[in-house]
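Each chain is listed here by its residues.
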Amino acid sequence: MTTVTTRTIAYAADGLTMIGHLALPAGADRRPAVLVGPEGMGLSDVERRRADALAELGYVALAFDLHGGRYLADPEEMLARCMPLLADPDRMRGIGQAALDVLRAEPRTDPDRIAAVGYGTGGAVALELGRAGVDLRAIGTVNALTTGRPGEAARIRCPVWAGVGSEDPIMPAAQRAAFTAEMQAAGVDWRLVVYGGALHAFHHPTVDHAVLPGVGYHPRHAQRAWHDVVDLLAECLPMTTPSSSQEADGTSLAQ
């Protein structure tokens with residue numbers, strides 16, 4: 001396991017002061033980098049640990065903020081902020097671009113080799129960066145089968161991987177069909193993995209506060225989804241100097 005250095009970074013986005021979590025791999029050379037977007041509740045230790053795990057694999061990783069340093073444990077408060085955000089592609093792109101600018105400004109980042117991985121609302125932000133034509137090497141999402149404005153998916157310049165639970169009432173079969181139709185019509189290199197029996201946010205460990213109906217943790221699929229994300233990054237953002245830690249099993253990410 002490599003030594004990882006972490007620090008918090010404050011930056012402006014969406015009229016707020018966002019507090020991101022930056023994780024750096026050992027060494028001083030430039031490395032490929034990954035944006036990590038959180039579920040609608042906001043940045044938590046779950047995403048921070050994922051950024052740290054990506055740094056252990058050799059990536060520069062920035063887990064970005066959605067709510068100005070706040071974690072919205074109350075489902076009603078979360079929906080009151082996220083629903084208008086999800087309905088406004090330009091706001092999502094602004095949040096994503098601000099975080100991307102921070103990541104690109106990090107001296108360890110190779111600015112030509114950046115991917116975006118996001119969960120729920122954070123995944124929608126990643127997709128909107130793609131629809132805006134941002135130069136990314138890969139986009140990976142879980143629980144984020146959002147569709148964009150007509151024709152804009154044609155601007156996506158990289159492979160898109162998406163994961164969703166088969167029993168997710170927030171991303172039902174009709175939403176899956178609309179997403180895949182959009183990606184296919186735009187000529188995107190896309191993949192969709194449906195995890196049997198999983199609910200919404202199946203990747204996110206159980207929390208000690210109220211959640212929306214249809215949300216539930218599935219440890220086995222959580223680990224599988226993490227492996228799928230790591231495989232996407234290995235394909236699209238290979239290390240120029242392979243790290244001995246690249247075979248990390250991601251077990252801690254399902255905790």
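Every value quoted in this text rests on a predicted model; they were computed, and no experiment measured them.

Trainee: Would you mind going over the overall build of the protein chain with me for this structure?
Mentor: Along the backbone of the protein chain there are six helices and eight strands. Counting helices and strands in the order they occur from the N terminus, the protein chain gives β-β-β-α-β-α-α-β-α-β-β-α-β-α. Sorting the 255 residues of the protein chain into buried and exposed places 54% on the buried side. Summarising the internal contacts of the protein chain: among those between residues at least 6 apart in sequence, 69% fall at separations of at least 24. For the protein chain, the accessible surface area stands at approximately 10200 Å², while carbon and sulfur atoms represent 53% of it.

Trainee: What is the right way to read the nonpolar core from this model?
Mentor: Within soluble globular proteins, side chains that are nonpolar tend to cluster in buried spots. Of all hydrophobic cores here, the largest spans 41 residues; its most connected members are Y11 and L35. Take this core: its biggest share by element is seven residues, from helix α3 (residues 89-105). If we ignore the near neighbours within four places in the chain, the residues touching L35 are L62, F64, G96, A99, L100, L103, A115, A116, V117 and L129. Within the second largest apolar cluster, 30 residues are counted, among which are V34, Y195, A225 and L232.

Trainee: Looking at this structure, I do not really get unusual backbone geometry. What am I missing?
Mentor: The phi angle of most residues is negative, glycine excepted, and most peptide bonds adopt the trans form. One non-glycine residue, D14, lies in positive phi territory at about 55 degrees. When you line up the elements, D14 lands in the loop between β1 (5-13) and β2 (16-24). Although it is not a glycine, A201 sits at a positive phi angle of roughly 55 degrees. Exposure remark for A201: the relative accessible area of 8% places this residue in the buried category.

Trainee: It is not clear to me how the pairing of strand β5 (residues 109-119) should be interpreted in this structure. Could you clarify?
Mentor: The element β5 is largely enclosed, with a buried count of nine among its eleven residues. In terms of strand pairing, strand β3 (residues 31-37) meets β5 through six bridges, oriented parallel. The partner of V36 across the bridge, within β5, is V117. Where β5 lies against strand β6 (residues 138-142), five bridges are found, and the strand directions are parallel. Its bridge partner lying in β6, G118 is registered against T141. Crossover β5 to β6 through helix α4 (residues 121-131) is right-handed.

Trainee: Looking at this model, I keep getting lost on the side chain of H218. Mind explaining?
Mentor: Checked against the element boundaries, H218 lands in the loop between β8 (190-195) and α6 (219-236). On the accessibility criterion, H218 (17% relative accessible area) is buried. Not counting the four nearest positions on each side in its chain, H218 is found in contact with G196, G197, A198 and F202.

Trainee: How do you make sense of the pattern of salt bridges when you look at a structure like this?
Mentor: Close approach of charged atoms allows side chains of opposite charge to pair. Enumeration according to the criterion identifies 16 salt bridges in this entry. Between E128 and R131 there is a salt bridge whose closest N-O contact spans 2.8 Å. Here R131 and E128 lie together in helix α4, a separation of three residues that amounts to about one turn. Take E128 and R131: they sit in the same class, and that class is buried. Taken together, the salt bridges that share partners define one network made up of D90, R93, E128, R131, R149, E152, R155 and E182.

Trainee: What exactly am I supposed to notice about the layout of surface pockets here?
Mentor: Over the atoms rolls a probe the size of a water molecule, and in doing so it shows where empty space is left. Estimates place the volume of the largest pocket at around 630 Å³. In this structure, the largest pocket is lined by 33 residues; those nearest its centre are E39, M78, I170, H200 and L212. Within the residue set of the lining of the largest pocket, elements represented by two or more residues are α2 (75-86) and α4. Ranked by residue count, the leading element in the lining of the largest pocket is α2, at six residues. Taken together, the residues of the lining of the largest pocket break down into 21 nonpolar, eleven polar and one charged.

Reading guide: rules and limits
- Residues numbered from 1 in each chain as written.
- Predicted model: local features only at pLDDT ≥ 70, side-chain atom pairs only at ≥ 80, totals over all residues.
- Heavy atoms only, no water.
- Helix = DSSP H or I, 4+ residues; strand = E, 2+ residues; numbered from the N terminus.
- Buried < 20%, exposed > 50% of the residue type's maximum accessible area, 1.4 Å probe, protein only.
- Contact = heavy atoms within 4.5 Å.
- Areas by Shrake-Rupley, 256 points an atom, 1.4 Å probe, with all protein chains shown as cover.
- Core = buried A, V, L, I, M, F, W, Y, C linked by side-chain atoms within 4.5 Å.
- Pairing = 2+ DSSP bridges.
- Right-handed = clockwise from strand over helix to strand, strands pointing away.
- Salt bridge = Lys/Arg side-chain N within 4 Å of Asp/Glu carboxyl O.
- 1 Å grid on protein atoms, 1.4 Å probe; cavity = no way out; pocket = protein on both sides within 12 Å on 5 of 7 lines; lining within 4 Å.
- Points joined across faces, edges and corners; volume = space filled by probe spheres on them.
- Nonpolar A, V, L, I, M, F, W, Y, C, P; charged D, E, K, R; others polar.

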